[in-house]
Amino acid sequence: MSLYLDYLQEIEDRKGQDLHPKPIDGGELLAEIIAQIKDADHEHRKDSLNFFIYNTLPGTTSAAVVKAKFLKEIILGESVVAEITPTFAFELLSHMKGGPSVEVLLDIALSDDLSIAEQAAAVLKTQVFLYEADMERLKTAYEAGNKISKEILESYSQAEFFTKLPDIDEKIDVVTYIAGEGDISTDLLSPGNQAHSRADRELHGKCMISPEAQKEIQALQKQHPGKKVMLIAEKGTMGVGSSRMSGVNNVALWAGQQASPYVPFVNFAPVVAGTNGISPIFLTTVGVTGGIGLDLKNWVKKIDANGKPVKDENGDFVLEQAYSVKTGTILTINTKEKKLYNGDKELVDVSDAFNAQKVEFMKAGSSYAIVFGKKLQNFAAETLGVEPKAVYALSKEISHEGQGLTAVEKIFNKNAVGVKSKAALHAGSDVRVQVNIVGSQDTTGLMTSQELESMAATVISPIVDGAYQSGCHTASVWDSKAQANIPKLMQFMNNFGLITARDPKGVYPPMTDVIHKVLNDITVSDWAIIIGGDSHTRMSKGVAFGADSGTVGLALATGEATMPIPESVKVTFKGTLKHHMDFRDVVHSTQAQMLKQFGDNVFQGRVIEVHIGTLLADQAFTFTDWTAEMKAKASICISQDETLIESLEIAKSRIQIMIDKGMENHVQTLHGLIKLADKRIAEIKSGEIPALAPDSNAKYFAEVVVDLDQLDEPMIADPDVNNDDVSKRYTHDVIRPVSFYKSKPVDLGFVGSCMVHKGDMQIIAQMLRNLEKQGKNIEFKAPLVVAPPTYNIVDELKAEGDWDILQKYSGFEFDDTKPKQSARTKYENIMYLERPGCNLCMGNQEKAEPGDTVIATSTRLFQGRVVADTAEKKGESLLGSTPVVVLSTMLGRFPTIEEYKEAVDGIKLTDFAPPLDPMTTAPVEFIPVSNV
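The present account deals with the structure reproduced in this document. (Residues numbered from 1 in each chain as written. Predicted model: local features only at pLDDT ≥ 70, side-chain atom pairs only at ≥ 80, totals over all residues. Heavy atoms only, no water.)

### What about unusual backbone geometry?
Okay, so step 1: Positive phi, close to 60 degrees, is recorded for Lys338, a residue that is not glycine.
Okay, so step 2: Looking at the secondary structure, you find Lys338 in the loop between strand E11 (330-334) and strand E12 (339-342).
Okay, so step 3: Classification of Lys338 by relative accessible area gives partly exposed; the value is 28%.
Okay, so step 4: The phi dihedral of Asn839 falls on the positive side, at around 55 degrees, and the residue is not glycine.
Okay, so step 5: Of note, Asn839 is situated in the loop between strand E31 (831-833) and strand E32 (853-856). (Helix = DSSP H or I, 4+ residues; strand = E, 2+ residues; numbered from the N terminus. Buried < 20%, exposed > 50% of the residue type's maximum accessible area, 1.4 Å probe, protein only.)

### With respect to the packing of aromatic side chains
Okay, so step 1: In this structure the tally under the stated criterion is 20 aromatic pairs.
Okay, so step 2: Relative to Tyr832, the ring of Phe812 lies with its centre 6.0 Å away and its plane at 50 degrees, an arrangement referred to as tilted. Placement of the pair is Phe812 in strand E30 (residues 810-813) and Tyr832 in strand E31, with a sequence separation of 20 residues.
Okay, so step 3: Taken together, the ring pairs in this structure connect Phe129, Tyr131, Tyr368 and Phe372 into an aromatic cluster.
Okay, so step 4: Across the ring face of Trp299, the terminal group of Lys235 is positioned such that the distance to the ring centre comes to 4.4 Å.
Okay, so step 5: The residue whose ring lies beneath Lys374 is Tyr392, and the NZ or CZ to ring-centre distance is 5.6 Å. (Phe/Tyr/Trp six-rings, centres within 6.5 Å; stacked < 30°, edge-to-face > 60°. Lys NZ or Arg CZ within 6 Å of the ring centre and 35° of its normal.)

### Section: the sheet that holds strand E15 (residues 430-434)
Okay, so step 1: As summarised here, the arrangement of the 3 strands in space is E14-E15-E21, forming an open sheet in which the pairing is antiparallel. Bordering the open sheet on either side are strand E14 (416-417) and strand E21 (560-564), each of which pairs with just one other strand.
Okay, so step 2: Of the pairings in the sheet, the one linking E14 to E15 comprises 2 bridges and is antiparallel in character. Note that in E15 the partner of Val417 across the bridge is Arg432. (Pairing = 2+ DSSP bridges.)

### Description of the sheet that holds E12
Okay, so step 1: The strand order E8-E7-E3-E1-E11-E12-E13 describes an open sheet built from 7 strands, whose pairing is mixed. Of all strands in the sheet, those with a lone pairing partner are strand E8 (292-295) and strand E13 (345-349), marking the two edges. Within the sheet, the average angular offset between the axes of one strand and its neighbour, ignoring direction, is 35 degrees.
Okay, so step 2: Of the strand pairs in this sheet, strand E7 (residues 271-274) and E8 are connected by 4 bridges, and their pairing is parallel. Across the sheet, the residue bridging to Val271 is Ile292, located in E8. (Axes fitted to C-alpha atoms, helices over the stretch in contact; angles between N-to-C directions.)

In structure tokens form, the structure reads like this:
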């Protein structure tokens, strides 16, 4: 049976789901379609033409290779298609972005036939996605005296591919649509439980918000032609929790505009807004699509007669509406004045949304078109021996004489490229930086591979120290969806140059380790910059930024990222932590004490510089991981020299385990990381470069001192699902002591996700041993799901004897030779020892039973993520420490403080103790930066 007839059957199947034909990415299918186009009498010729022109994916897909070659045949007159003239063939090539299309255009432009060479050159002058091989061809031709190549290089040196684009509209009319009240997580825009469909943009788009919301958006578009629908988080922040490119893709699909008439379901330029703006991680993603993100400030604090903010009985600020943005309101964004209007009435200044860099993203249609454009312009100017024309907005380079550097300022100065200033740069500077470590996770990885294909990238940048493709988000259930998607992803990423969790060749077994734990291990410098496709990319060494799939793709392809140096908030500790408290309680208390001290969340959009001191990287990660839920931009752990050395030695041993399992690639990435770790350890031991620390005269946005003496009870993060104010549900700001819950029933417990480490597994084992010694009957009155984060932890527990007691009292233990084929829907009152990975935290495979009250160590409070609602009861996912979770499942309810203290008596829950001396260095005048 032909591939084309199979494709027609797939089209019929998709019609049943109200879907259009899936875009073509396979070269063999397109070759068959081309054969039918060449046959003038073929019954499918008309449809084949349509598929070829309008439904073939560009970039470096195998279909794009075949399409580019056929268009070349048409241009050269080797094939004649009445409906595709040579001129139209050039137009189609211009929309294919790069890779095979650029190769064809260069073939023609550098040929001897000037009649078509100039046409090809005209198209090439509009392209930005050129790579080293493409640029080398141009350079070689120029040096050989080729006139056309000189013209192309001159155009590139002037950045005409950017300057000739139309400016953004001065006035953009929008019609409002309130997508939700309170903080809107990206789960609303792209639910985790629909992760399997993200690579199928049209299919995945149908899960945004709800079918009813999609109809309402379409109705607004029909009612207000020519106006963009602006999605709003009323009384909240838009896009918290994750960068999720699929979230922005979905918004663009429903409320943006088509990027190219010849590429289906790829839209750009959406407009999103929030009362408290857009979360930093999501705003980066908006920039990738050339979109607009507005801080509306339409609800403000009520002020009393004395000019002080008014609080309600719960201690929360009372808000007043400054202006209405109810659904259907017509507003105008004036991009020149940088203000939002309702008719002639000015509502709010929106300058932050229209700084010079963001406007460039909007004009170019994406942030990475700007990155590639700058690189191409610099190459052309260097080849011609001229200065590149000043086209792009100058990077902000802010230096304050006499002011020291925070930790993040030091890291950015060390890794900066293209900087003109000779003085050290401070927060607010806009910087290009080299990226050291990149992570791609499995439910966004398929999108990352699509992004890499669309930007015509074929191999990882040589300046990246290491990159990893995980399999953790699809670890718990190896179902048909995972089996269809994940091997294909692993093959692509392995070929691209990443270390992959699954081996396409089958040499080593599947490794479903949680990506953040692996990245934490392969980060072998406290000066590193890490980019990862997940909001919890927050390492306890270096500084890590969660990013969308496009930014991850850009980091993999170029080894660079561009962003402003963030402000920092310094977190230090005082007092003594009581023996019955867990480090997770310190994390929760940091949030609670910060809010009590400042009223507002000073962490939002900033780097949390936490002075951990003696805590090893594994457990310190618990703090940095949690900062995603605090809406922080990133987090940096300041460690003592000896602690950092020990953490690096642990990282080396775990990288060696990966090598021993056969995970090394052909460029010896893992061996290279061990060498880098050895080099860093030597620098610390010699005193040449001590552990990263801020200057003593660094300037912070705020400083938070956490008083450990105030901690006497385990702390719980509560979604507060029944709060009368809907805008205050599912935030991470409600932190309560365990005694608040009295004897509240618990339906399920979960110990797992990236928030736990080996010590958590040891705590469970020790609690079981204690009960054995006390002669107590060990039973679970609620299910307990335990998912270790990594296989090496399981191996170590087995070697040290802790796994034995976990096995003894478990009713289920994972078997990698027979992974689950379907998700569990019912739970027994037993302990489940699950496969390493994200498990319940991700919500795309395993979930609690609807309406359950879950107590978990995981990270997410999102509605419906870990547990769905029922008509009668909202599902609750409360977050706490491992001992609280385990004890709650044994009791079937929350414990009293007395029961809790008895259960953990004699167990060392954490090694954390505040450092006694300030962890700063003497100020220096400046740190040299790269001028490359």
